[in-house]
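# An overview of the molecular structure
Take a look at the letters that make up each chain.
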Amino acid sequence: MTRTHEKVGYLPESKEVEHTLDSAVDGVEQIFRLLEGRWKFVILFHLFGGRLKRFSELERAIPGVSQKMLIQQLRQLEADGIVRRIVHHQVPPKVEYGLTDWGQALCPALDALLKWHAQRERLGAGEAGAKA
């Protein structure tokens, strides 16, 4: 299993927020709004670990995504403060994408999702579905 947080510094630990059922539901809805889109998670995985990628590199790394969709997803991630766009003023122009500190802080959460999915694989889809 690939780990998303290799050699990554995390943000300082913060106090745990006590959630009510309503605040938890609201929080989950906000998270899904930020990360909705077929390609956002794939983009994030390509940028984890402090990697900077040019648009063309991301386009090659994600063969199923159209240019238009990749642009849209990157713009949304940038507007939400998850991805940063770095413009190098040179000729020809060079633009790179990387994660903000807040975007990089998603690593542990996505690692947890990978572990959760791996559990399903180990248990077998039938047994995991029967326990639900």
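About the cut-offs
- Residues numbered from 1 in each chain as written.
- Predicted model: local features only at pLDDT ≥ 70, side-chain atom pairs only at ≥ 80, totals over all residues.
- Heavy atoms only, no water.
- Helix = DSSP H or I, 4+ residues; strand = E, 2+ residues; numbered from the N terminus.
- Buried < 20%, exposed > 50% of the residue type's maximum accessible area, 1.4 Å probe, protein only.
- Contact = heavy atoms within 4.5 Å.
- Areas by Shrake-Rupley, 256 points an atom, 1.4 Å probe, with all protein chains shown as cover.
- Pairing = 2+ DSSP bridges.
- Salt bridge = Lys/Arg side-chain N within 4 Å of Asp/Glu carboxyl O.
- Phe/Tyr/Trp six-rings, centres within 6.5 Å; stacked < 30°, edge-to-face > 60°.
- Axes fitted to C-alpha atoms, helices over the stretch in contact; angles between N-to-C directions.
- Expected span 1.5 Å × (residues − 1).
- Arc of directions from axis to C-beta.

### A closer look at the overall build of the chain
Assigned secondary structure in the chain consists of seven helices and three strands. Seen in sequence order, the chain has helices and strands lined up from the N terminus as α-α-β-α-α-β-β-α-α-α. Expressed as a percentage of its 132 residues, the buried residues of the chain come to 26%. In the chain, 60% of the contacts between residues at least 6 apart in sequence involve partners at least 24 apart. Surface summary for the chain: the accessible area is close to 9,500 Å², and the carbon and sulfur share equals 55%.

### Structural notes on the pairing of strand β2 (residues 83-88)
By the bridge criterion, six bridges tie β2 to strand β3 (residues 94-99) in an arrangement that is antiparallel. If you follow V87 over to β3, its bridge partner there is V95. Count of turn residues in the β2/β3 antiparallel hairpin: five residues.

### A look at the pattern of salt bridges
Opposite charge on two side chains makes pairing possible when the charged atoms of those side chains draw close. This model, assessed by the stated rule, comprises two salt bridges. Here E29 and R33 are joined by a salt bridge, their closest N and O atoms 3.8 Å apart. Here the residue E29 and the residue R33 both occupy positions in helix α1 (residues 21-35), the gap between them amounting to four residues, near one helical turn. Among the salt bridges present, the one from K94 reaches E96, with a minimum N-O distance of 3.9 Å. The exposure class assigned to K94 is partly exposed, which follows from its relative accessible area of 22%. With relative accessibility at 12%, the residue E96 sits in the buried group.

### Some thoughts on the packing of aromatic side chains
One pass over the full model with this rule turns up one aromatic pair. Arranged with centres 5.5 Å apart and planes meeting at 85°, the rings of F45 and F48 form a pair that is edge-to-face. Of the residues examined, F45 reaches a relative accessible area of 28% and is grouped as partly exposed.

### Overview of the sheet that holds β3
With antiparallel pairing, the three strands of this open sheet are ordered in space as β1-β3-β2. The open sheet has two free edges, formed respectively by β1 (53-54) and β2, since each of these has just one partner strand. Of the strands in this sheet, β1, β2 and β3 are in contact with helix α2 (residues 40-47), which crosses β3 at around 95°.

### Topic: the environment of G64
Mapping G64 onto the fold places it in the loop between α3 (55-61) and α4 (67-79). Once the C-alpha coordinates of G64 and W39 are considered, the two residues, 25 residues apart in sequence, prove to be 9.2 Å apart.

### Quick notes on α4
In this model α4 runs 18 Å from its N-terminal to its C-terminal C-alpha over 13 residues, within 8% of the 18 Å that 1.5 Å per residue would give. Burial in α4 covers these residues: L70, Q73, L74 and L77. Down the axis of α4, the buried side of the element spans an arc of 100°, and every buried residue falls inside it. Among the exposed residues of α4, those oriented more than 90 degrees off its buried face are K68, R75 and A79. The inward-facing, buried residues of α4 abut α2, α3, β2 and β3. Phi turns positive one or two residues past the end of α4, at G81, with a value near 80°.

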